[in-house]
Amino acid sequence: YRNLPALPYSMINRARIRLLHFNMGKMNMCDVMFKLALILAASITGAALWHRTINMWTMKNLGDAFLTKDVGSRMIVLGTFFREKSEQNVMGKYAIVHFLGDSREVHDIFCHSTRANGQPMTTRAYIQRIHQGKRAANDICAWAGHIAECEVSESTNGSFRISVTRDASDALVVIPEVPKEKKQHDLAVCVAPMYIYTDWEIMLTGIETWLAMGATKIIVPIQSASETTYKILQEYEKQGIEESHVNCLFYAKSFADMIVFTDIDDMLLPVHPEQVKAGGNVEILRSIFADHPQAGSLLFEHRDTQMRLPQVSPSSLSSFNFDFLHESKSKQNCQVWRMKTRVAVKAGRVDSVNMHETGIHRFGYVQTRVPCRIGHFYHLRHSHSSVADSTPIQLGNLATILNNNWQKRLESTFSSLLNETLIRSETDSFRDFDRCMGAINEEHWTLHVSRCLTPHVCYSRLRRDMACVASTTDYQFVRSGSGYLIGQDKQRFIPAQTNCEAHVPVFTDGNHYFAP
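Residues numbered from 1 in each chain as written. Predicted model: local features only at pLDDT ≥ 70, side-chain atom pairs only at ≥ 80, totals over all residues. Heavy atoms only, no water.

Undergrad: Could you give an account of the overall build of the protein, with specific residues and numbers?
TA: Per the secondary structure count, the protein includes eight helices and 23 strands. Burial status across the protein gives 46% buried among its 516 residues. Here the analysis covers contacts within the protein between residues at least 6 apart in sequence; of these, 77% occur between residues at least 24 apart. Accessible area for the protein stands at about 27,700 Å²; split by element, carbon and sulfur atoms hold 55% of it. (Helix = DSSP H or I, 4+ residues; strand = E, 2+ residues; numbered from the N terminus. Buried < 20%, exposed > 50% of the residue type's maximum accessible area, 1.4 Å probe, protein only. Contact = heavy atoms within 4.5 Å. Areas by Shrake-Rupley, 256 points an atom, 1.4 Å probe, with all protein chains shown as cover.)

Undergrad: Kindly report on the layout of surface pockets, identifying the contributing residues and their values.
TA: Each pocket or cavity is described by its volume, and for the second largest pocket that value is around 310 Å³. Leu309, Pro310, Gln311, Thr427 and Arg431 are, among the 15 residues lining the second largest pocket, the residues nearest its centre. A per-class count over the lining of the second largest pocket returns four nonpolar, five polar and six charged. (1 Å grid on protein atoms, 1.4 Å probe; cavity = no way out; pocket = protein on both sides within 12 Å on 5 of 7 lines; lining within 4 Å. Points joined across faces, edges and corners; volume = space filled by probe spheres on them. Nonpolar A, V, L, I, M, F, W, Y, C, P; charged D, E, K, R; others polar.)

Undergrad: Could you give an account of the nonpolar core, naming the residues involved and the relevant values?
TA: Counting 61 residues, the largest nonpolar core has Met203, Trp210, Leu285, Phe300, Leu317 and Trp406 as its most contacted members. Among the elements that make up this core, the one with the highest residue count is helix α3 (residues 200–212) (seven residues). In contact with Trp406, not counting residues within four places along its chain, are Leu204, Glu208, Tyr236, Leu317, Phe320, Phe322 and Phe414. (Core = buried A, V, L, I, M, F, W, Y, C linked by side-chain atoms within 4.5 Å.)

Undergrad: Go over the packing of α3 against helix α4 (residues 227–237) with me, naming the residues and quoting the values.
TA: Between α3 and α4, the least distance of the axes is 10 Å, while the angle of their chain directions is 20°. With respect to their mutual orientation, α3 and α4 come out roughly parallel. Handedness of the crossing formed by α3 with α4: right-handed. Together, Trp200, Met203, Leu204, Ile207, Glu208 and Leu211 of α3 and Thr228, Thr229, Ile232, Leu233 and Tyr236 of α4 make up the contact between the two elements. (Axes fitted to C-alpha atoms, helices over the stretch in contact; angles between N-to-C directions. Parallel < 35°, antiparallel > 145°, perpendicular 65-115°, else oblique. Left-handed = near helix turned anticlockwise from the far one by under 90°.)

Undergrad: Give a detailed account of the pattern of salt bridges, specifying residues and quantitative values.
TA: Counted under the stated rule, the structure contains 20 salt bridges. Among the salt bridges present, the one from Lys253 reaches Asp351, with a minimum N-O distance of 3.4 Å. Taken as a pair, Lys253 in the loop between α5 (248–252) and β13 (256–262) and Asp351 in the loop between β17 (341–346) and β18 (366–369) lie far apart in primary sequence, 98 residues in all. Neither Lys253 nor Asp351 differs from the other in exposure class; each is buried. Among the ionic pairs, Arg303 bridges to Glu301, the shortest N-O distance being 2.8 Å. Judged on exposure class, the residue Arg303 and its partner Glu301 are both buried. A single network of salt bridges, built from pairs that share partners, joins Arg83, Glu87, Glu149, Lys253, Asp351 and Arg362. (Salt bridge = Lys/Arg side-chain N within 4 Å of Asp/Glu carboxyl O.)

Undergrad: Before we move on, can you summarise the state of the cysteines with the specific residues and values?
TA: Within the structure shown, the criterion is met by four disulfides. Shown here is the disulfide that connects Cys111 with Cys150, its sulfur atoms set 2.0 Å apart. Negative torsions about the S-S bond denote left-handed disulfides, and the value of about -90° found for Cys111 with Cys150 makes this one left-handed. Placement of the pair is Cys111 in strand β3 (residues 110–114) and Cys150 in strand β6 (residues 143–152), with a sequence separation of 39 residues. Classification of Cys150 by relative accessible area gives buried; the value is 1%. Note on cysteine connectivity: Cys468 is disulfide-linked to Cys500, with sulfurs 2.1 Å apart. Of note, the bridge from Cys468 to Cys500 carries an S-S torsion of about -105° and is left-handed in sense. Placement of the pair is Cys468 in strand β21 (residues 468–480) and Cys500 in the loop between β22 (483–495) and β23 (507–510), with a sequence separation of 32 residues. The exposure class assigned to Cys468 is buried, which follows from its relative accessible area of 7%. Residue Cys500 is classed as buried on the basis of its relative accessible area, which comes to 2%. (Disulfide = S-S within 2.5 Å.)

Undergrad: Can you explain the environment of Val387? Please cite residues and give values.
TA: Along the chain, Val387 falls in the loop between β19 (376–380) and β20 (390–392). Classification of Val387 by relative accessible area gives buried; the value is 15%. When the C-alpha positions of Val387 and Gln306 are compared, they lie 6.2 Å apart, and in sequence the two are 81 residues distant. Sequence-distant contacts of Val387, that is, excluding residues within four places in its chain, are made with Asp304, Thr305, Gln306, Ser330, Lys331 and Gln332.

Undergrad: Which residues make up a nonpolar patch on the surface, and what are the values?
TA: A surface patch of nonpolar side chains, amounting to about 510 Å² of accessible area, comprises Met29, Val32, Met33, Leu36 and Ile39. Within the secondary structure, Val32 is located in helix α1 (residues 9–53). Judged by relative accessible area, which is 44%, Val32 ranks as partly exposed. (Patch = residues over 30% accessible without salt bridge, like charges linked within 9 Å, V, L, I, M, F, W, Y side chains within 5 Å.)

Undergrad: Just give me the short version of the packing of α3 against helix α7 (residues 396–412), but keep the residues and values in it.
TA: One can describe the packing of α3 onto α7 by two numbers: an axis separation of 10 Å at closest approach and a directional angle of 95°. In terms of axis orientation, α3 runs roughly perpendicular to α7. The residues of α7 that touch α3, namely those facing Leu204, Glu208, Thr209, Leu211 and Ala212, are Leu398, Ile401, Leu402, Asn405, Trp406 and Arg409. Class assignment of the residues belonging to the contact of α3 with α7 gives a composition of seven nonpolar, two polar and two charged.

Undergrad: Describe in detail the sheet that holds strand β7 (residues 160–163), supporting the description with residues and values.
TA: If you walk across this open sheet you meet the four strands as β4-β3-β7-β8, and the pairing is antiparallel. Here the strands that pair on one side only, and so sit at the sheet edges, are β4 (120–124) and β8 (172–174). With strand direction ignored, the average angle separating the axes of adjacent strands in the sheet is 30°. One ladder, built from three bridges, connects β3 with β7; its direction is antiparallel. Looking at the pairing, Phe110 lines up with Ser163 of β7. (Pairing = 2+ DSSP bridges.)

Structure (structure tokens):
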């Protein structure tokens with residue numbers, strides 16, 4: 001060592017500092033490891049003591065505080081259709097999936113089809129909520145209709161599959177509906193669904209008026225109705241009236257130029273009804289659309305009209321006539337602003353309609369409000385024995401036209417039912433619904449409501465001794481990802497439950513032990 005050169009003091013000092021830092025690092029690391037081991041041991045000991053002294057369910061309840069609920073989307077598919085080529089401005093083949101879903105959830109739909117060469121094709125659907133602004137300020141009526149549009153392969157002419165994720169292994173098979181109607185119609189009428197419907201006199205008035213005024217296709221969805229009502233509709237069906245269709249707009253697009261959406265007791269008539277003439281509604285609508293070339297839909301007001309049905313309900317179709325329309329001598333005048341409206345559309349210009357407004361327009365077309373003085377609907381309701389703010393009218397000419405057509409209809413359409421004794425036509429169920437609607441309206445004034453305003457929430461307390469039919473559908477479901485797709489399986493008419501109520505549908509098939 002003596003032969004080694006002496007190191008400068010500064011180098012020796014730096015070496016000591018490095019050694020000191022290294023030893024301190026080792027001490028810090030050991031200290032951290034000791035603390036971690038101590039915490040782990042304390043946690044294990046604490047958990048053991050806790051488990052030993054505390055009930056297991058108490059621990060579970062404490063853990064529940066950290067759980068969150070995610071129900072996922074639960075889409076109920078109401079119908080599937082191919083997009084009409086005349087409505088496309090892009091190449092390709094497109095399908096429409098109409099579904100009901102919770103508007104508070106984000107929905108995804110993927111469409112799976114097969115190309116002509118056998119290769120799979122998966123596309124993501126573009127989804128729109130029907131009537132985007134309607135009831136969007138709150139979640140009282142959270143469930144709303146939606147339209148999903150996706151591209152499918154050109155070779156797809158029948159079924160394809162839809163799923164919530166891109167994974168096609170768990171997908172719902174859907175079959176696009178192809179309308180059977182080949183004849184083109186200038187005017188079709190989509191009637192509001194019938195619930196516990198028993199008043200066939202008003203139904204005949206509505207149907208015969210629309211036929212006389214130019215409609216050649218009428219579509220009537222039925223949830224439940226008296227057997228007499230159903231029999232009459234079945235005979236009409238042979239002449240172009242169809243029952244039970246929930247997707248009226250997309251169903252009628254392929255064969256109808258104009259479509260009206262209305263209740264069975266709402267009819268479009270001239271402003272001066274004594275000027276009524278056969279086929280007049282086609283002329284009225286065409287004239288208004290011609291004056292408003294950018295109109296995709298027309299929004300009409302309607303006027304309450306005096307309605308006095310016969311005191312004694314006819315016992316057969318052969319004894320029925322429209323003479324009671326002579327007793328309708330007044331309607332509300334056009335100076336009274338009314339909220340209630342009815343809709344007429346150019347079929348290729350819109351994608352969604354409800355009874356009081358349109359929602360989705362295509363290609364820049366818009367909704368146009370029609371002034372009452374230009375045209376309006378006549379609301380021939382059972383409860384309108386008199387109307388406020390009235391103006392005189394004459395429906396005698398309409399009654400004459402309907403009676404003449406009715407005599408021909410009895411011979412050509414209703415020969416099998418001509419003298420059959422029919423169940424009494426009644427409006428009692430309407431009165432029950434009126435009381436229910438009034439109660440819901442009263443709730444709205446309190447700003448605290450218990451239900452969404454739809455006819456489905458009303459319960460009729462009457463007990464009818466009459467045969468009724470009801471529509472029922474079996475449903476199947478597919479769990480896809482964390483969401484569900486629910487589709488219709490078999491739809492049919494069966495005897496209704498007591499009080500003419502429809503049966504609650506059931507699931508008959510599913511791919512998961514969790515039901516939606």
